[in-house]
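Results of the structural survey
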Amino acid sequence: PTSAQVSVVPHSGRFCYTLDNDLLTTEQRQFYEDNGYLLIKKLVSDEDIERFRKEFLRICKREVTPPGAMIMKDESLRSQFGQSEKVVNKVQDFQEDEELFRYCTLPEVLKYVECFTGPNIMAMHTMLINKLPDSDKQTFLHPMHQDLHYFPFRPASRIVCAWTAMERADQDNGCLVVQPGTHKTTLKPHGYPKWEGKTNKLFHGLLEEDNKTPKVHLVMEKGDTVFFHPLLFHGSGINKTSGFRKSISCHFASSECYYIDVKNTSQEHLEKELEEMVRKKYNATSVELKDIWNFRARLVQGERINL
């Protein structure tokens, strides 16, 4: 148990997206209810962030190779920079790297997560993002999207992302951009954006952007952490600086969530793309989406029930 003792029954009426707890103020719960995100300042210590940064650099230099991690690189920079952080733009699925996975078990993070998921918490999807300096090619721009598009489990309101800035994030280096209130909509169709220049594998975006809802740029300092709903429209711009914009994140879900069949839904094409990638990577004959998620998922608190 954490300091936020939570009842698993949602509040009868006023709050749909948080559970009754003694951590969040009424104002914080109402803000998340209305906007779909909540920013907590200086939640993760500088010391922890430095440890995550060092481990990321070790992965870039191939001093460690976490099993199952997907290390995404800009191959066009490899001849120039070799094995370094100047090439790696993301480490995805770091759940088998004990040093990076510490992020998902930090008590200061979990006590907030519990307010959204309840006490039985699974870490489902992990990422350390290293947004590289970019040109007008928009290579590392992530179009507006909903994270639920990637997830074959429900209910959405028992899933939350924790996203921590590893250094100041602002409009110059491509901070998160959110459209408040869009978490109250349904899951929309996604696909590859039709812009000029390169698009990154699996960087799907909303096929129809919502231009009516204002966009908010989340300017964050090192250690600031935003918690957001998987239906919230969000993305990030390009990094116009010469530095690297790092963040570490995990999608958490209640272990009482359950898998759904995405056949004949807007998520079906993603399922095929993901299964094909995993088959190629591991030279496997048959892979199912549920198997991929079972491999990624790790229990961090409480009891493993469905996921």
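Anyway, here's the lowdown on the structure attached to this text. (Residues numbered from 1 in each chain as written. Predicted model: local features only at pLDDT ≥ 70, side-chain atom pairs only at ≥ 80, totals over all residues. Heavy atoms only, no water.)

**Quick look at the packing of helix H6 (residues 268–282) against helix H7 (residues 289–296)**
The following threshold applies: Angles run from 0 to 180 degrees between N-to-C directions of axes, and those axes are lines fitted to C-alpha atoms, restricted for helices to the stretch in contact. Helix and strand assignments come from DSSP, with helices taken as H or I runs of at least 4 residues and strands as E runs of at least 2, each series counted from the N terminus. Roughly parallel refers to an angle under 35 degrees, roughly antiparallel to one over 145, roughly perpendicular to one between 65 and 115, and oblique to any angle outside these ranges. Take the far helix as your reference; a near helix turned counterclockwise from it by less than a right angle gives a left-handed crossing, and one turned clockwise gives a right-handed crossing. Every residue pair with non-hydrogen atoms within 4.5 Å of one another is taken to be in contact. When residues are grouped by polarity, Ala, Val, Leu, Ile, Met, Phe, Trp, Tyr, Cys and Pro land in nonpolar, Asp, Glu, Lys and Arg in charged, and all others, Gly among them, in polar.
Packing of H6 against H7 leaves a shortest axis separation of 9 Å and a crossing angle of 65 degrees. Classified by the angle between their axes, H6 and H7 sit roughly perpendicular to one another. As for the relative orientation of H6 and H7, their crossing is left-handed in sense. Residues Glu 271, Leu 274, Glu 275 and Val 278 of H6 form the contact with H7, whose own contacting residues are Leu 289, Ile 292 and Arg 296. Here the residues of the contact of H6 with H7 are counted per class, giving four nonpolar, no polar and three charged.

**Examining empty space enclosed by the protein**
This is how it is decided: In this analysis, the protein atoms alone were mapped onto a 1 Å grid. Cavities are point sets where a 1.4 Å probe fits without being able to get out; pockets are open sets with protein on both sides within 12 Å along at least five of seven lines; lining residues have an atom within 4 Å of a point. Grid points are joined across faces, edges and corners, and a volume is the space filled by probe spheres set on the points.
The final tally for this structure, using the stated rule, is two cavities of 30 Å³ or more. Estimates place the volume of the largest cavity at around 470 Å³. Lining the largest cavity are 32 residues, with Lys 90, Met 127, Ile 129, His 142 and His 145 sitting closest to its centre. Counting residues per element, the ones that place at least two in the lining of the largest cavity are strand S3 (88–92), strand S4 (121–131), strand S5 (142–145), strand S7 (159–165), strand S13 (233–236), strand S14 (245–254) and H7. Grouping the constituent residues of the lining of the largest cavity by class yields 14 nonpolar, twelve polar and six charged. A volume near 40 Å³ is recorded for the second largest cavity. Together, His 149, Tyr 150, Val 262, Gln 267, Leu 270, Glu 271, Leu 274 and Leu 289 line the second largest cavity.

None of the figures reported here should be taken as evidence of function without further support.
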